[in-house]
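Here is how the chains run, residue by residue.
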Amino acid sequence: MRERQRSYGLQTPGTRGVPGMKRYGMVIDLRKCIGCMSCVVACKAEFGVPMGVWRTWVKVADKGTYPNTKRIFMPRMCNHCDYPVCVRNCPTQATYKHKDGFVLQRYNRCIGCRTCMVACPYNARHLIPAKRTDKNLPKLVVDKCTLCIHRVKKGLVPACVQACVGGARIFGDMNDPNSEVAQLATRETLTVLKPELGTSPSVSYIGGDWEIMDESHSYLNRTTQLREEFNTYKRNHEGDAFGDIVEGESTMRQVSRNFGGFLRSIPHKAKEVFDAYVNLYLR
Amino acid sequence: MADIDRRKFMKLGAAASVACPVLLNAMELDLGGQDFHQIRTFHPRRRKPYLCTLCPYFDGGFTYAEDGEIKKTEGNPDHIATRGKFCAKGMASFFSATDPDRILAPLKRVGARGSGQWQEISWDEAIAEVAGRVRDALTDVDSIYLNEGGFKDGGTVRFMDTIGSKSVIRSRLPSIGTAPKQAVLEQVLGFKTVLPDFEHTKYVLNFGANIMETALPLAQRLTDGIVNNRLKLVTFDVRMSNTAGRSDEWFPVFPGSDGIIALAMANIIMQKGLADPDFIDTWTNYSSEQLAVDLEKFTPEQAEKASGVPAKTIRKIALEFARSKQATVVSQNGISWHRNGIDTEMACLLLAVITGNIDTAGGCCLPRQFNVATPQPVPAPTGSTSKRLNPVFPFEVKDGLHRVQVFFNHMSNPAYSSPAASYWREVLKDPELIPYFVDFSPFMSETAELADIILPDVVDVERHDVGSSPTALWPWVSMSYPEIEPRGMAQDVRMTLKKIVEAIDPDGSRGMRQYWAFSDTRQSVKQAVDATPGMSKRSYKKMRSRGTWPQYGKIDPATRQIINNGEPVEAEYHTYNPAGFPTPSGKIEIQTLAWSANPAHGDLKPNEFVLTTFKVACQSLSLTSNLKYLSELWHSNPLWINRGVARKSGIGDGDLVRVTSEVGHMVTRAWLTEGIHPQTIGISTSVGRTAYGRVALADPHAHASFARKEQEDPDIDHNLWWRDGGVSANDIIPIFIDPETGAQVWNDTVVTVSPAESGDSYGDISVDNTMHFAIYKKLYGGNAA
Amino acid sequence: MNESVIISNVFHHVAWGTTISVYFWLVGASAGAYVIASLGWVFGVERYKQLALPATGMAIILLMLVPVLLVWDLGQPLRFIYLMLPSYWHATGPMSWGSVLIMIYPITMMFYGYSVIKENKRWAKMIGGLCVFLAVAVELYTGVVMEFNPGRSLNHTALAPLLFLTGAFISGVAVLVLWVWIRNMIVSAISRAEKRVDWSLMEELAQYMMYGLIFDAFLLFLEFMQSVYGNQDEVMAHEEVLLGVFRFSYLWLEIVIGLLIPIIILVSPLKRTRFGIVIACIMVGAGVYGMRIWWVMGGQYLQTFY
Ligand SMILES: Nc1nc2c(c(=O)[nH]1)N[C@H]1C(S)=C(S)[C@@H](COP(=O)(O)OP(=O)(O)OC[C@H]3O[C@@H](n4cnc5c(=O)[nH]c(N)nc54)[C@H](O)[C@@H]3O)O[C@H]1N2
Ligand SMILES: Nc1nc2c(c(=O)[nH]1)N[C@H]1C(S)=C(S)[C@@H](COP(=O)(O)OP(=O)(O)OC[C@H]3O[C@@H](n4cnc5c(=O)[nH]c(N)nc54)[C@H](O)[C@@H]3O)O[C@H]1N2
Ligand code: SF4
Ligand code: SF4
Ligand code: SF4
Ligand code: SF4
Ligand code: SF4
Ligand SMILES: [Mo]
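All residue numbers refer to position in the chain's written sequence, counted from 1. Lettering of chains starts at A and numbering of ligands starts at 1, both following the order in which they are written. Given that the model is predicted, a residue must reach a pLDDT of at least 70 before its local features are reported, and side-chain atom pairs must reach 80 or more before they are shown or counted; all residues, however, enter totals for whole chains, interfaces and linings. With hydrogens and water set aside, each side-chain value is computed from the structure's full complement of heavy atoms.

Attention now moves to the overall build of chain A. Tallying secondary structure elements over chain A gives 10 helices and 10 strands in all. Here the globule rule reads 2.2 Å times residues to the power 0.38, and the radius of gyration is calculated from C-alpha atoms. Computed over its C-alpha atoms, the radius of gyration of chain A comes to 20 Å, within 12% of the 19 Å expected for a compact globule of 283 residues. Projecting the C-alpha coordinates of chain A onto the three principal axes gives extents of approximately 55 × 55 × 30 Å. Out of the 283 residues belonging to chain A, those deemed buried represent 67%. The contact rule is simple, with two residues in contact once any of their heavy atoms fall within 4.5 Å. Taking all contacts inside chain A whose residues are at least 6 apart in sequence as the whole, residues at least 24 apart take part in 58%. The helix count covers DSSP runs of H or I at least four residues long, the strand count covers runs of E at least two residues long, and both are numbered beginning at the N terminus. Only protein chains enter the calculation, and the probe is 1.4 Å; a residue is then buried if its accessible area is under 20% of its type maximum, exposed if over 50%, and partly exposed in between.

As a further point, take the overall build of chain C. What chain C contains, in helices and strands, is nine helices and one strand. Referenced to the eigenvectors of the C-alpha coordinate spread, the extents of chain C come out at roughly 75 × 55 × 30 Å. Looking at chain C residue by residue over its 306 residues, the buried ones come to 60%. In chain C, 77% of the contacts between residues at least 6 apart in sequence involve partners at least 24 apart. For chain C, the computed accessible surface area is about 11,900 Å², with 72% contributed by carbon and sulfur atoms. Here the open area of atoms and residues is found with the Shrake-Rupley method and a 1.4 Å probe, where only the protein chains shown may cover a residue.

Contacts between the two partners involve 62 residues from chain C, matched on the other side by 87 residues from chain A. Put simply, buried area is how much 1.4 Å-probe accessible surface two parts lose in total, over both of them, once they are put together. Both sides together, the interface formed by chain C and chain A hides about 7,200 Å², and carbon and sulfur atoms give 60% of it. Among the residues chain C hides against chain A, the three largest losses belong to F11(C), H13(C) and Y306(C). Together they make up 13% of the total. Any Lys or Arg side-chain nitrogen found within 4 Å of a carboxyl oxygen on Asp or Glu counts as a salt bridge. Summed over the shared surface of chain C and chain A, the result is one salt bridge. With its nearest N and O atoms 2.6 Å apart, the salt bridge here joins R114(A) to D73(C). Polar contact is defined as a pair of N or O atoms within 3.5 Å, subject to the rule that within protein one atom must be able to donate a hydrogen and the other to accept it, and that residues adjacent in sequence are counted only when both atoms are side-chain atoms. Between the two partners, chain C and chain A, sit 42 residue pairs in polar contact (both at pLDDT 80 or more). Elements represented by at least two residues in the side of chain C that touches chain A include exactly β1 (4-8), α1 (18-43), α2 (49-73), α3 (94-117), α7 (232-245) and α9 (274-303) of chain C. Per element, the largest residue contribution to the side of chain C that touches chain A is six residues, and it comes from α7(C). Residue classes follow a fixed rule: Ala, Val, Leu, Ile, Met, Phe, Trp, Tyr, Cys and Pro count as nonpolar, while Asp, Glu, Lys and Arg count as charged, and any other residue, Gly among them, counts as polar. Class assignment of the residues belonging to the side of chain C that touches chain A gives a composition of 34 nonpolar, 22 polar and six charged. Taken together, the four bridges between strand β2 (residues 56-65) of chain A and β1(C) define a ladder with antiparallel strand orientation. The residue bridging V60(A) from the neighbouring strand is S8(C), located in β1(C). Between any two strands, pairing holds if DSSP finds at least two bridges.

Here a helix's expected span is defined as the number of its residues, less one, multiplied by 1.5 Å. Taking 1.5 Å of rise per residue, 30 residues should cover 44 Å, and helix α5 (residues 160-189) of chain C covers 43 Å from first to last C-alpha, within 8% of that figure. Note on α5(C): the residue one or two positions beyond its end, S191(C), has a positive phi of about 45°.

A word on the site of ligand 6. In the vicinity of ligand 6 there are 13 residues, among which C33(A), C36(A), M37(A), C39(A) and C164(A) approach most closely. Residues of the shell around ligand 6, tallied by class, amount to nine nonpolar, three polar and one charged. In these notes, residues near a molecule or strand are those with any non-hydrogen atom within 4 Å of it.

Residue and element names in this part refer to chain A. Burial analysis of strand β8 (residues 169-173) places five of its five residues in the buried class, the great majority of the element. Both strand β1 (residues 24-29) and β8 contribute to a ladder of five bridges, which runs antiparallel. Within the sheet, the bridge partner assigned to G25 lies in β8 and is G172.

So, about a nonpolar patch on the surface. All names here are of chain C. The grouping of L162, F215, F218, F221, L222, F224, M225, V228 and Y229 at the surface amounts to a nonpolar patch, some 830 Å² of accessible area in total. When residues of the nonpolar patch are assigned to their parent elements, the largest contribution, seven residues, is made by helix α6 (residues 199-228). Structurally, the position occupied by V228 is in helix α6. Here, patches come from residues exposed beyond 30% relative accessible area and free of salt bridges, joined within 9 Å for like charges and within 5 Å for nonpolar side chains (Val, Leu, Ile, Met, Phe, Trp, Tyr).

Quick look at α3(C) now. Its 24 residues place the ends of α3(C) 35 Å apart at the C-alpha level, agreeing with the 34 Å of an ideal helix rising 1.5 Å per residue. Of the residues one or two after α3(C), E119(C) is the one with positive phi, at around 55°.

All names here are of chain B. Structurally, the position occupied by T496 is in helix α19 (residues 493-504). For T496, a relative accessible area of 0% puts it in the buried group. C-alpha of T496 to C-alpha of G155: the two residues are 341 residues apart in sequence and 9.8 Å apart in space. The contacts of T496, once residues within four sequence positions are left out, are W123, I127, F440, L455 and Q491.

Each partner contributes to the interface: chain B provides 80 residues, whereas chain A provides 70 residues. Roughly 6,200 Å² is buried in total at the junction of chain B and chain A, and carbon and sulfur atoms are behind 56% of that figure. Joining chain B to chain A, the criterion identifies four salt bridges. For K32(A), the salt bridge is made with D224(B), and the minimal N-O distance between the two is 3.2 Å. Our count for the contact surface shared by chain B and chain A stands at 34 residue pairs in polar contact (both at pLDDT 80 or more). Counting residues per element, the side of chain B that touches chain A draws most heavily on helix α7 (residues 216-229) of chain B, at seven residues. Of the residues that constitute the side of chain B that touches chain A, the class distribution is 37 nonpolar, 23 polar and 20 charged.

According to the stated counting rule, one finds 75 salt bridges over all chains in the structure shown. Across the pair E320(B) and K232(B) runs a salt bridge whose closest N-O atoms are separated by 2.9 Å. Of this pair, E320(B) sits in helix α13 (residues 311-323) while K232(B) sits in strand β10 (residues 232-237), and the two are 88 residues apart along the sequence. Three or more residues joined by partner-sharing salt bridges are found here, namely E46(A), R151(A), D35(B), R40(B), R45(B), E66(B), D67(B), K72(B) and E74(B).

Residue and element names in this part refer to chain A. Strand order in the open sheet made by the four strands is β8-β1-β10-β9, with mixed pairing throughout. Unpaired on one side and paired on the other, β8 and β9 (190-191) mark the two borders of the sheet. Sheet topology note: the β1/strand β10 (residues 203-206) ladder contains four bridges and is parallel. Bridged to D29 within β10 is I206. Each axis is a line fitted through C-alpha atoms, taken for helices only over the stretch in contact, and angles between the N-to-C directions span 0 to 180 degrees. Along the sheet, helix α6 (residues 180-187) makes contact with β1, β8, β9 and β10, crossing β8 at roughly 110°.

So, about the environment of C87(B). With respect to the helices and strands, C87(B) occurs in the loop between β3 (69-75) and α2 (88-92). Judged by relative accessible area, which is 9%, C87(B) ranks as buried. Note: C-alpha distance between C87(B) and P277(B) (190 residues apart in sequence) is 41 Å. Not counting residues within four places of it along the chain, the set of residues in contact with C87(B) comprises S38(A), V165(A) and L216(B).

Dropping the structure here:
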């Protein structure tokens, strides 16, 4: 198969199958995922990820009719696409594709415009809220899974792989035929999310269920609980985007809530502006 | 028996200590053992060994610290049992140290009990006061009570032995498994627990164990087996737990009917000649012929009638199981916690026995564990370590069967976790019944709220300790060695008790001081290790640097096997041969073969259900509910109800419903699911808090009066987004105590479910405590003690 | 029912919300109004010359609000400057183009206004011409910035820039008419009636607006056909999102209030009454805002459950 060799603007091209180049990625073996959520907590702990945003998460679905039912878990994270839309659309080159396959974020360049969040077809990005536990870590910029490059470069597997109880997450260089991921790729059937978009994800699944992998399906088939909880989330979590639509609320209330959020953001953004100013000029 | 094990494993341990480095594929990355800051990667985080005690599996791992704060916990990659894996709870446990709602100074109640008004006092004052109370009560020493919930003795039981009080009650047993299960195993095999060898098995029959959510060190071997050995996992459970949902086959059974299924299977296996007659004849107290005859009366048809699982299916599964040869049986609370729990446990174990799958590769293995000693000299046991379980205790107090002068509570939260929790609260609130109540809790639990004085203990990551649990085919001991000093004024309970003892016995004349001769916890742990046969100063040192001992080898990242000298470390099986089992006869002693329908649910009326409560992957009873990353993942517990049934009773998804038991009702929300038996409803435990703090209450504004500024976490105050904290069912669950083991029979409560009435709001609980007491009276007529 | 139900997932915020939709509306109205402003001096339609200054003024004012919204909407407001720094500039990012356009467009407009005041025909024509180009570009850009997200089926359509352009034109006219109406009242009140803009021009503009509305309806119809005959995501986006959560802004605000009723007014005898025109313009302005709401948030909304 002919591999595409193109890059978006000023960024590194994808390295899929390019000899001598690395392409780190993950194979997630859904047969082994037990939904223990260790990976989620490990990732949150590793980066002090604030509540309400996630670098990785596990989607859970129930399938079938009593008594023939099954439960499906599907861990989700940034796909470290070979052709990442997020990178292409970023106006400041704050997000970029590393030559070894990582799609990364430069916090000091990021203006928090969230273009990349709109661009990512996988919902893999989030804006870090204004308040977090460790005040020395970045705030109000966009963040995402880094494939734990800080660990990989030190010879360690990513934190979520480290923690994975079921052993479902397998990490390695897809271009190295000796690696476990590459061997799995030849031995098992791999699927990726939204293959039709041509993003060429570096995260692939063994035993993926098309229904849970499908965007429309997720929207149509969520439980009442989930919808209600999402509404609570939108009401209470400071999203700094002022556009969440609470289902069942009137448009007038939506609009007033959104503007209310905008107004409420003024003090903490002003503080952020002030802090940045102090850092820039007064230190 | 235990000695034989240890000798064998010691040999291996010695070999492993001179192991040469294992050749790994050069491309592989390390599975852990180090940690770095996400930005400052050139400053590795400081690593210290850590022992997770959030559940009885005691996984060994590491803490990683930076700037004097624990940033992360994770499994120890060279630990023979955990192989580097902590579950979500273990991963999140480091937060407890910096929990903003943590108690960091001795607190003395100022208002009425439970009014939530506290005054910080100094340790000297606190110790003087508690010691005074204890001294006064020494004349009637059994009036000093301890309610113990620790999985191991953290020093409190030693304290009771020191002062000579027998009055220890427990909220859980200090080992894996519930009381009925332990009772059966002890009688039949002479061990308290068995270990299913998932790694090597081909077939798993699971009766009411939720391995993938509650037994994580075993679950990782199960998934390996699923992919590597293509094992078949068959689960009997009343609802689709994560384990049931990931099983090859899940059979929803009528509650409490597992026993007859197992017996019918055993019958078929015997009849088809698929049993292992040699094993039965040599190693059990039964002859195979006799067993076959005795089992004949249990037919699959009878099982179908009781359980709803088709007879055809039972036959099929029985044959598959027996033909697999390498097959194992696993069971837990789901079958134990019924009135017929003992018979059921017996029946399920029988399946492994008759097929000879006892201590074989892929079978039910005998536990391998070190019994870590305690510092010498040890006070003479008063017998208080007996398994007196606590559910009936408040009723007996009320009934005048106990005269309590001082009540200590350690690592237990009966006001939330025990059945008839509302009754516990009533008794604990009553100064007539409990004149003086001391809690050691580091958190303001539902129980601690009612205390007279709280002497805050340290949390896991601040504790220096050793522990072991039979979670692998090789025994191990792991250590916790804190990187950080306890925060605030928190103090290890052993040191608190030591000071109390010293205050009671200042000159040693009462003979109590000698048992508390260590100067700090470090010395106490050293003394304990020294006193453990087979361990030495070297093992202590090894544990301090590597976290666990013995070192069996290094883990191979790809296969997850422990490799020593280039070879995977092989387990030893058939360890009972030739010495036999530690039972009186040295053989497996099959007790009664019986099953009777559960009297609690004779004929259920259409809107009557059996209430099952269950644990979830991200919470561990009360230990985790204030940990933000866990509660973010699991904070509410809607009522599981079968969709078809709910529709018929006019209950829609998300509707408010009333769940009514004999003693009262609660109002919660319904979740319509296909994954539950139509005659069962399910409510998860661990959430539905009325205490603990902001995270557990799902209310970022619920600042405690004693909360400290330096512990504040802006993340909790600003980003905590959920507002539904769940509703706990324990108030409406009346006691029913298994007469043989004293354990609460949790899964037998019959309730009705109806749409909420007008005026009901979410979370309402209304319980008649006199009904709770009436039930106690009816069951025990006041003579339970 | 043999399908699966999602029982647990995490939640995501809509990345671009109300602020961005207001911004899209402002930019559109500004560009639309400016195109009218240019008719007189740039395209030599004499009777429109009297509109040039009021319209340019309004376009500038509308556009002045934009940076306030946009900059404050950034996570790091102070860093808006990065969008202009050459070393940060990213050629493939639509927003890079947009930020340049949004910077130079109002400035150019100011020069145009100045040349009009100075009655410098040559400069007015030249700068005005450039400005028309910029107005169209700014407007196309707002469509493009959403279109270039292949993962969002609602937005990923080649019609997007055209939809935005049409929307800009009609909302520009609508706002301009309203502006002139108010301005005329004010200048009458301070008794400088000679400064009033000729209302017959407004009637003429309203007719142009009606053609725009019809064209807009046509584009919407094309979109509708594509989603009805589209793939699952498109069908779903239409049925569940546009006719579901966004029913008010899509169906009622945009189509009924913003298109159908104004068209009816503008073909009926009401089109010759001041009342009819003003009402139609209010409705069109609101309708275009309805479109901005679902356009910005609808596509993302779908995905917040993914
Ligand atoms: N995550 C987590 N892990 C834990 C703990 C924790 O709190 N959280 N606690 C630890 C402790 S103390 C214990 S005791 C263990 C308990 O571990 P488990 O026994 O595995 O857990 P439970 O949730 O108590 O019950 C197991 C299952 O029994 C099912 N059940 C109920 N009635 C029946 C029945 O009649 N038949 C069958 N076949 N199944 C039935 C329930 O649906 C439930 O899924 O877990 C330990 N591990
Ligand atoms: N409905 C329902 N109820 C159940 C169950 C169920 O499945 N369903 N499960 C039952 C089972 S299996 C068990 S084992 C029991 C467990 O019930 P309990 O033994 O009562 O244990 P927890 O509720 O976890 O409470 C532990 C207490 O210890 C305190 N604590 C935490 N860390 C420390 C520490 O480091 N030091 C000290 N001193 N204290 C600490 C916490 O604040 C908490 O209050 O619950 C039972 N209750
Ligand atoms: S998944 Fe999204 S964020 Fe990650 S590389 Fe792909 S487009 Fe970018
Ligand atoms: S939010 Fe940051 S990373 Fe994302 S597009 Fe804007 S500048 Fe780039
Ligand atoms: S690779 Fe690292 S950043 Fe990405 S999900 Fe895993 S732990 Fe989180
Ligand atoms: S840690 Fe592994 S097994 Fe557990 S939920 Fe995550 S991917 Fe699944
Ligand atoms: S399984 Fe138990 S011991 Fe192991 S990490 Fe989880 S909570 Fe801790
Ligand atoms: Mo337990």
